[in-house]
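Working through the structure, step by step
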Amino acid sequence: RWAADERTVSGTSMHEQIAAAYTSFKYQVSPSTELIAGTRYEFTDRRLTEDAITNINRRGQLFPSLFISRKLTDQSNVQFSYTKRITRPSYNDLTSYLIYIDPMSVLTGNTLLKPVISHSLKTDYSLSGYIFSMVLSRDVNPIVRYQLTENEEGNLMYVSPQNMRFQNHLTFLANLPWKVNSWWSININLSAGWRQFGLEHTREKAEHTYFTSWVSGSHVFTLPASFSLELSGWYTLGSYDGTSDNNAFGMLNMGVKKELKGKGTLQLTVQDLFTSMRITSYRGALVEEAFSTSSKVLYQAESAYASIVKVSYFKSFGNRNLKKRIER
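Read on for a plain summary of the structure. (Residues numbered from 1 in each chain as written. Predicted model: local features only at pLDDT ≥ 70, side-chain atom pairs only at ≥ 80, totals over all residues. Heavy atoms only, no water.)

Concerning the overall build of the protein chain
Secondary structure summary: the protein chain contains two helices and 21 strands in total. Computed over its C-alpha atoms, the radius of gyration of the protein chain comes to 26 Å, more than 25% above the 20 Å expected for a compact globule of 328 residues. In terms of its C-alpha atoms, the protein chain occupies a principal-axis envelope of roughly 70 × 55 × 45 Å. Burial status across the protein chain gives 34% buried among its 328 residues. When the accessible surface of the protein chain is totalled, it reaches about 20600 Å², and 57% of it is carbon and sulfur. On the protein chain, the mean spot of the 36 positive side-chain charges and the mean spot of the 28 negative ones are 15 Å from each other. (Helix = DSSP H or I, 4+ residues; strand = E, 2+ residues; numbered from the N terminus. Rg over C-alpha atoms; globule rule 2.2 N^0.38 Å. Buried < 20%, exposed > 50% of the residue type's maximum accessible area, 1.4 Å probe, protein only. Areas by Shrake-Rupley, 256 points an atom, 1.4 Å probe, with all protein chains shown as cover. Lys, Arg positive; Asp, Glu negative; His and termini not counted. Charge placed at Lys NZ, Arg CZ, Asp CG, Glu CD.)

Observations regarding the sheet that holds strand S5 (residues 98-102)
Read across the sheet, four strands follow the order S5-S6-S10-S9 without closing on themselves; strand pairing throughout is mixed. Strand pairing shows two members of the sheet lacking a second neighbour, S5 and strand S9 (143-150), which therefore form its edges. When the angles between neighbouring strand axes are averaged without regard to direction, this sheet yields 35°. (Pairing = 2+ DSSP bridges. Axes fitted to C-alpha atoms, helices over the stretch in contact; angles between N-to-C directions.)

Here's the deal with the sheet that holds strand S19 (residues 278-283)
What holds strands together in a sheet is hydrogen bonding between their backbones, with the strands either parallel or antiparallel. Spatial strand order, S15-S16-S19-S20: four strands in an open sheet with antiparallel pairing. What marks the edges here is a single partner per strand, and that holds for strand S15 (239-241) and strand S20 (295-300). Strand-to-strand, the axes of this sheet are offset by a mean angle of 30°, without reference to chain direction. Inspection of the sheet shows S15 paired to strand S16 (residues 244-246) by three bridges, in the antiparallel sense. When the bridges of S16 are listed, Asp241 appears paired with Ser244.

A closer look at the nonpolar core
Membership of the largest hydrophobic core is limited to eight residues, which are Val144, Met164, Phe197, Leu199, Ala206, Tyr210, Tyr240 and Val287. Going through the elements one at a time, strand S12 (184-199) and strand S13 (206-223) are the ones with two or more residues in this core. (Core = buried A, V, L, I, M, F, W, Y, C linked by side-chain atoms within 4.5 Å.)

Observations regarding the packing of aromatic side chains
As enumerated under the stated definition, the model contains eight aromatic pairs in all. Ring plane angle 25° and centroid distance 6.1 Å describe the contact between Trp183 and Trp184, whose orientation is recorded as stacked. You can call Trp183 partly exposed: its relative accessible area is 42%. Since its relative accessible area comes to 25%, Trp184 is described here as partly exposed. Aromatic side chains Trp234 and Phe249 sit 5.6 Å apart centroid to centroid with 90° between the ring planes, which places their arrangement in the edge-to-face category. With a gap of 15 residues between them, Trp234 in strand S14 (residues 227-236) and Phe249 in strand S17 (residues 249-259) connect regions that are remote in the sequence. Seen from the ring of Phe63, Lys84 lies directly overhead, with NZ or CZ sitting 5.3 Å from the centre. (Phe/Tyr/Trp six-rings, centres within 6.5 Å; stacked < 30°, edge-to-face > 60°. Lys NZ or Arg CZ within 6 Å of the ring centre and 35° of its normal.)

Laid out in C-alpha coordinates, this is it:
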(Lines give C-alpha, C1' and ligand atoms only; values in the text may rest on other atoms or scores of the structure.)
Protein backbone atom coordinates (compact mmCIF):
# COMPACT_ATOMS: atom_id res chain seq x y z
CA ARG A 1 0.00 0.00 0.00
CA TRP A 2 1.29 3.46 -0.93
CA ALA A 3 2.02 5.84 1.98
CA ALA A 4 2.88 9.55 1.89
CA ASP A 5 6.34 10.57 3.04
CA GLU A 6 5.65 13.40 5.51
CA ARG A 7 9.11 14.86 4.88
CA THR A 8 8.07 15.79 1.34
CA VAL A 9 4.47 16.94 1.89
CA SER A 10 3.56 20.65 2.03
CA GLY A 11 0.83 22.96 0.80
CA THR A 12 2.07 26.16 -0.86
CA SER A 13 0.35 28.93 -2.79
CA MET A 14 1.67 32.25 -4.03
CA HIS A 15 -0.03 35.34 -5.40
CA GLU A 16 2.06 38.15 -6.85
CA GLN A 17 1.10 41.47 -8.43
CA ILE A 18 3.59 43.81 -10.09
CA ALA A 19 2.95 47.39 -11.18
CA ALA A 20 5.57 49.50 -12.92
CA ALA A 21 6.05 52.95 -14.48
CA TYR A 22 8.83 54.05 -16.83
CA THR A 23 10.38 57.32 -17.90
CA SER A 24 13.46 58.27 -19.94
CA PHE A 25 14.95 61.25 -21.73
CA LYS A 26 17.77 62.03 -24.15
CA TYR A 27 19.87 65.16 -24.06
CA GLN A 28 22.47 66.28 -26.59
CA VAL A 29 25.09 67.88 -24.34
CA SER A 30 27.26 68.88 -27.31
CA PRO A 31 27.65 67.81 -30.96
CA SER A 32 29.88 64.93 -29.81
CA THR A 33 28.33 64.08 -26.41
CA GLU A 34 24.95 62.48 -25.72
CA LEU A 35 23.26 61.65 -22.43
CA ILE A 36 20.40 59.18 -21.96
CA ALA A 37 18.84 58.76 -18.51
CA GLY A 38 15.84 56.83 -17.30
CA THR A 39 14.24 55.13 -14.37
CA ARG A 40 11.70 52.43 -13.71
CA TYR A 41 9.59 52.36 -10.56
CA GLU A 42 8.24 49.00 -9.60
CA PHE A 43 5.81 48.02 -6.83
CA THR A 44 5.48 44.34 -5.91
CA ASP A 45 2.80 42.76 -3.71
CA ARG A 46 3.64 39.13 -2.97
CA ARG A 47 1.68 36.77 -0.71
CA LEU A 48 3.12 33.35 0.04
CA THR A 49 1.04 30.86 2.02
CA GLU A 50 2.74 27.69 3.23
CA ASP A 51 1.13 25.25 5.67
CA ALA A 52 -1.57 27.85 6.57
CA ILE A 53 1.03 30.53 7.38
CA THR A 54 0.94 33.62 5.11
CA ASN A 55 3.90 35.91 4.54
CA ILE A 56 3.17 39.27 2.89
CA ASN A 57 5.94 41.19 1.14
CA ARG A 58 5.16 44.63 -0.32
CA ARG A 59 8.03 46.58 -1.82
CA GLY A 60 8.55 49.61 -4.01
CA GLN A 61 11.89 50.10 -5.79
CA LEU A 62 13.54 52.43 -8.30
CA PHE A 63 15.72 51.05 -11.11
CA PRO A 64 17.66 53.95 -12.66
CA SER A 65 19.92 53.88 -15.71
CA LEU A 66 22.38 56.41 -17.11
CA PHE A 67 24.35 56.36 -20.40
CA ILE A 68 26.87 59.00 -21.46
CA SER A 69 28.53 58.59 -24.87
CA ARG A 70 31.13 60.78 -26.53
CA LYS A 71 32.46 60.63 -30.08
CA LEU A 72 36.23 61.14 -30.00
CA THR A 73 37.07 60.83 -33.71
CA ASP A 74 35.40 59.47 -36.83
CA GLN A 75 36.71 56.02 -35.88
CA SER A 76 36.41 56.02 -32.09
CA ASN A 77 33.99 56.72 -29.25
CA VAL A 78 33.64 56.05 -25.54
CA GLN A 79 30.58 55.32 -23.37
CA PHE A 80 30.02 55.24 -19.61
CA SER A 81 26.94 53.64 -18.09
CA TYR A 82 25.28 52.72 -14.81
CA THR A 83 22.28 50.40 -14.55
CA LYS A 84 20.27 48.78 -11.79
CA ARG A 85 18.23 45.73 -12.80
CA ILE A 86 16.01 43.06 -11.27
CA THR A 87 15.88 39.39 -12.33
CA ARG A 88 13.10 37.26 -10.91
CA PRO A 89 13.29 33.51 -10.35
CA SER A 90 11.57 31.42 -13.00
CA TYR A 91 8.45 29.35 -12.37
CA ASN A 92 10.49 26.14 -12.34
CA ASP A 93 12.82 27.65 -9.73
CA LEU A 94 9.89 28.46 -7.43
CA THR A 95 7.57 25.51 -7.87
CA SER A 96 7.61 22.84 -5.15
CA TYR A 97 7.69 19.79 -7.46
CA LEU A 98 9.59 16.70 -6.28
CA ILE A 99 11.76 14.30 -8.25
CA TYR A 100 13.25 11.50 -6.19
CA ILE A 101 16.96 10.94 -6.75
CA ASP A 102 17.14 8.26 -4.06
CA PRO A 103 15.28 7.60 -0.75
CA MET A 104 17.37 10.27 0.99
CA SER A 105 17.43 13.10 -1.60
CA VAL A 106 14.99 14.91 -3.89
CA LEU A 107 15.24 17.45 -6.72
CA THR A 108 12.87 20.36 -6.07
CA GLY A 109 12.25 24.10 -6.37
CA ASN A 110 12.47 26.77 -3.69
CA THR A 111 9.40 28.90 -2.94
CA LEU A 112 11.49 31.25 -0.76
CA LEU A 113 13.79 32.45 -3.55
CA LYS A 114 14.37 36.21 -3.69
CA PRO A 115 14.81 38.18 -6.92
CA VAL A 116 18.33 39.22 -7.98
CA ILE A 117 19.19 42.93 -7.79
CA SER A 118 22.12 43.87 -10.05
CA HIS A 119 24.19 47.07 -10.06
CA SER A 120 26.56 47.56 -13.01
CA LEU A 121 29.15 50.22 -13.95
CA LYS A 122 30.52 49.84 -17.47
CA THR A 123 33.00 51.66 -19.70
CA ASP A 124 33.13 50.92 -23.45
CA TYR A 125 35.75 52.13 -25.90
CA SER A 126 35.49 51.39 -29.62
CA LEU A 127 38.13 52.03 -32.26
CA SER A 128 37.76 51.07 -35.93
CA GLY A 129 35.43 48.17 -35.11
CA TYR A 130 37.41 46.94 -32.08
CA ILE A 131 35.51 47.15 -28.78
CA PHE A 132 37.06 47.12 -25.29
CA SER A 133 34.99 47.16 -22.10
CA MET A 134 35.52 47.19 -18.35
CA VAL A 135 32.63 46.13 -16.09
CA LEU A 136 32.28 46.41 -12.33
CA SER A 137 29.08 44.80 -11.04
CA ARG A 138 27.45 43.54 -7.88
CA ASP A 139 24.56 41.07 -7.67
CA VAL A 140 22.55 40.89 -4.45
CA ASN A 141 20.87 37.50 -3.83
CA PRO A 142 22.16 35.87 -7.07
CA ILE A 143 20.43 32.56 -7.84
CA VAL A 144 22.45 29.37 -8.24
CA ARG A 145 20.85 26.04 -9.13
CA TYR A 146 21.36 22.44 -8.00
CA GLN A 147 22.61 23.34 -4.52
CA LEU A 148 22.59 20.83 -1.64
CA THR A 149 20.68 21.60 1.57
CA GLU A 150 18.97 19.41 4.19
CA ASN A 151 15.74 19.51 6.20
CA GLU A 152 15.63 20.41 9.89
CA GLU A 153 15.60 16.77 10.96
CA GLY A 154 18.71 16.06 8.90
CA ASN A 155 17.21 13.01 7.19
CA LEU A 156 16.42 14.38 3.70
CA MET A 157 18.61 16.29 1.24
CA TYR A 158 17.19 18.86 -1.18
CA VAL A 159 18.82 19.59 -4.54
CA SER A 160 17.34 23.01 -5.30
CA PRO A 161 18.06 26.59 -6.41
CA GLN A 162 19.32 28.91 -3.67
CA ASN A 163 20.19 32.57 -3.20
CA MET A 164 23.80 33.44 -2.51
CA ARG A 165 24.42 36.54 -0.39
CA PHE A 166 26.23 38.43 -3.15
CA GLN A 167 28.44 38.12 -6.20
CA ASN A 168 30.92 40.78 -7.35
CA HIS A 169 32.53 40.95 -10.82
CA LEU A 170 35.44 42.94 -12.21
CA THR A 171 35.63 41.94 -15.86
CA PHE A 172 37.56 43.01 -18.96
CA LEU A 173 35.85 42.33 -22.31
CA ALA A 174 37.16 42.62 -25.85
CA ASN A 175 35.74 42.03 -29.32
CA LEU A 176 38.52 41.88 -31.93
CA PRO A 177 37.51 41.53 -35.60
CA TRP A 178 40.48 41.24 -37.95
CA LYS A 179 40.45 40.94 -41.73
CA VAL A 180 43.84 39.38 -42.51
CA ASN A 181 43.38 39.60 -46.28
CA SER A 182 40.70 39.23 -48.94
CA TRP A 183 40.11 35.52 -48.17
CA TRP A 184 40.76 35.22 -44.41
CA SER A 185 38.94 36.96 -41.54
CA ILE A 186 39.18 36.41 -37.78
CA ASN A 187 36.90 37.38 -34.90
CA ILE A 188 37.93 36.96 -31.25
CA ASN A 189 35.81 37.55 -28.12
CA LEU A 190 37.56 37.63 -24.76
CA SER A 191 36.33 37.90 -21.18
CA ALA A 192 38.65 37.83 -18.16
CA GLY A 193 38.42 39.02 -14.58
CA TRP A 194 37.88 38.39 -10.90
CA ARG A 195 34.77 37.15 -9.17
CA GLN A 196 33.90 37.10 -5.50
CA PHE A 197 30.81 35.51 -3.96
CA GLY A 198 29.33 34.83 -0.56
CA LEU A 199 27.34 31.76 0.51
CA GLU A 200 24.73 31.55 3.24
CA HIS A 201 22.69 28.44 2.39
CA THR A 202 25.59 26.21 3.45
CA ARG A 203 26.22 24.91 6.97
CA GLU A 204 28.70 27.73 7.50
CA LYS A 205 28.75 31.08 5.70
CA ALA A 206 31.68 31.42 3.32
CA GLU A 207 33.27 33.81 0.82
CA HIS A 208 35.56 33.00 -2.10
CA THR A 209 37.48 35.03 -4.71
CA TYR A 210 38.91 33.60 -7.93
CA PHE A 211 40.08 34.52 -11.44
CA THR A 212 38.34 33.16 -14.50
CA SER A 213 38.48 33.73 -18.26
CA TRP A 214 36.51 32.82 -21.36
CA VAL A 215 37.49 33.10 -25.02
CA SER A 216 35.68 32.34 -28.26
CA GLY A 217 36.69 32.87 -31.84
CA SER A 218 36.18 32.04 -35.47
CA HIS A 219 38.30 31.90 -38.63
CA VAL A 220 36.50 32.21 -41.98
CA PHE A 221 38.33 31.29 -45.19
CA THR A 222 36.92 32.14 -48.63
CA LEU A 223 37.92 29.34 -51.03
CA PRO A 224 37.73 28.93 -54.82
CA ALA A 225 34.58 27.63 -56.58
CA SER A 226 32.21 29.47 -54.15
CA PHE A 227 33.32 27.40 -51.16
CA SER A 228 34.04 28.79 -47.68
CA LEU A 229 35.43 27.15 -44.55
CA GLU A 230 34.84 28.23 -40.94
CA LEU A 231 36.62 27.06 -37.79
CA SER A 232 35.07 28.22 -34.53
CA GLY A 233 35.33 27.33 -30.88
CA TRP A 234 35.40 28.48 -27.29
CA TYR A 235 37.19 27.66 -24.05
CA THR A 236 36.50 28.64 -20.44
CA LEU A 237 38.75 28.36 -17.42
CA GLY A 238 37.56 26.78 -14.18
CA SER A 239 34.73 28.55 -12.34
CA TYR A 240 32.28 28.14 -9.48
CA ASP A 241 28.52 27.72 -9.57
CA GLY A 242 27.56 28.19 -5.95
CA THR A 243 29.44 25.46 -4.09
CA SER A 244 30.15 23.50 -7.27
CA ASP A 245 33.78 23.77 -8.48
CA ASN A 246 33.85 23.28 -12.28
CA ASN A 247 36.97 22.43 -14.27
CA ALA A 248 37.91 24.14 -17.53
CA PHE A 249 36.19 22.95 -20.73
CA GLY A 250 35.55 23.94 -24.34
CA MET A 251 35.00 22.71 -27.89
CA LEU A 252 36.03 23.23 -31.53
CA ASN A 253 33.61 23.24 -34.48
CA MET A 254 34.02 23.25 -38.27
CA GLY A 255 31.76 24.15 -41.17
CA VAL A 256 32.03 24.06 -44.97
CA LYS A 257 29.62 26.03 -47.16
CA LYS A 258 28.98 25.95 -50.91
CA GLU A 259 27.07 28.72 -52.69
CA LEU A 260 25.10 27.17 -55.56
CA LYS A 261 24.87 30.28 -57.79
CA GLY A 262 21.28 31.33 -57.19
CA LYS A 263 20.11 27.81 -56.39
CA GLY A 264 20.65 28.00 -52.65
CA THR A 265 23.39 27.12 -50.18
CA LEU A 266 24.65 23.69 -49.12
CA GLN A 267 26.35 23.49 -45.74
CA LEU A 268 28.17 20.77 -43.78
CA THR A 269 28.89 21.36 -40.07
CA VAL A 270 30.76 19.25 -37.54
CA GLN A 271 30.10 20.15 -33.90
CA ASP A 272 32.72 19.29 -31.27
CA LEU A 273 35.48 18.00 -33.53
CA PHE A 274 37.52 16.50 -30.69
CA THR A 275 34.54 15.27 -28.55
CA SER A 276 35.73 17.48 -25.71
CA MET A 277 32.42 18.76 -24.27
CA ARG A 278 32.87 17.31 -20.80
CA ILE A 279 32.38 19.24 -17.54
CA THR A 280 33.89 17.86 -14.33
CA SER A 281 32.47 19.32 -11.11
CA TYR A 282 33.49 18.76 -7.51
CA ARG A 283 31.28 18.94 -4.42
CA GLY A 284 32.57 19.41 -0.90
CA ALA A 285 35.86 21.02 -1.94
CA LEU A 286 34.90 24.61 -1.04
CA VAL A 287 32.66 24.20 2.03
CA GLU A 288 31.06 21.31 3.89
CA GLU A 289 27.95 20.24 2.01
CA ALA A 290 24.71 18.78 3.33
CA PHE A 291 25.21 15.21 4.62
CA SER A 292 28.98 16.00 4.39
CA THR A 293 28.71 15.18 0.69
CA SER A 294 31.98 14.92 -1.22
CA SER A 295 31.70 13.91 -4.87
CA LYS A 296 33.03 14.22 -8.40
CA VAL A 297 30.40 14.66 -11.10
CA LEU A 298 31.13 14.24 -14.82
CA TYR A 299 28.69 15.73 -17.34
CA GLN A 300 29.11 14.62 -20.95
CA ALA A 301 27.14 16.32 -23.69
CA GLU A 302 25.85 14.32 -26.65
CA SER A 303 28.78 15.52 -28.75
CA ALA A 304 31.27 14.11 -26.20
CA TYR A 305 30.37 10.59 -27.35
CA ALA A 306 30.58 11.36 -31.07
CA SER A 307 30.88 14.57 -33.06
CA ILE A 308 27.55 15.82 -34.39
CA VAL A 309 27.50 16.11 -38.19
CA LYS A 310 24.76 18.12 -39.94
CA VAL A 311 24.05 18.68 -43.63
CA SER A 312 21.79 21.64 -44.41
CA TYR A 313 20.35 23.19 -47.54
CA PHE A 314 19.06 26.78 -47.63
CA LYS A 315 17.17 28.53 -50.39
CA SER A 316 15.24 31.79 -50.45
CA PHE A 317 11.88 31.65 -52.21
CA GLY A 318 9.99 34.50 -53.83
CA ASN A 319 10.56 37.10 -56.53
CA ARG A 320 13.72 39.05 -55.70
CA ASN A 321 12.94 41.78 -58.24
CA LEU A 322 9.52 42.33 -56.64
CA LYS A 323 11.16 42.51 -53.22
CA LYS A 324 13.57 45.19 -54.43
CA ARG A 325 10.70 47.27 -55.85
CA ILE A 326 8.84 47.03 -52.52
CA GLU A 327 11.93 48.11 -50.57
CA ARG A 328 12.34 51.16 -52.82
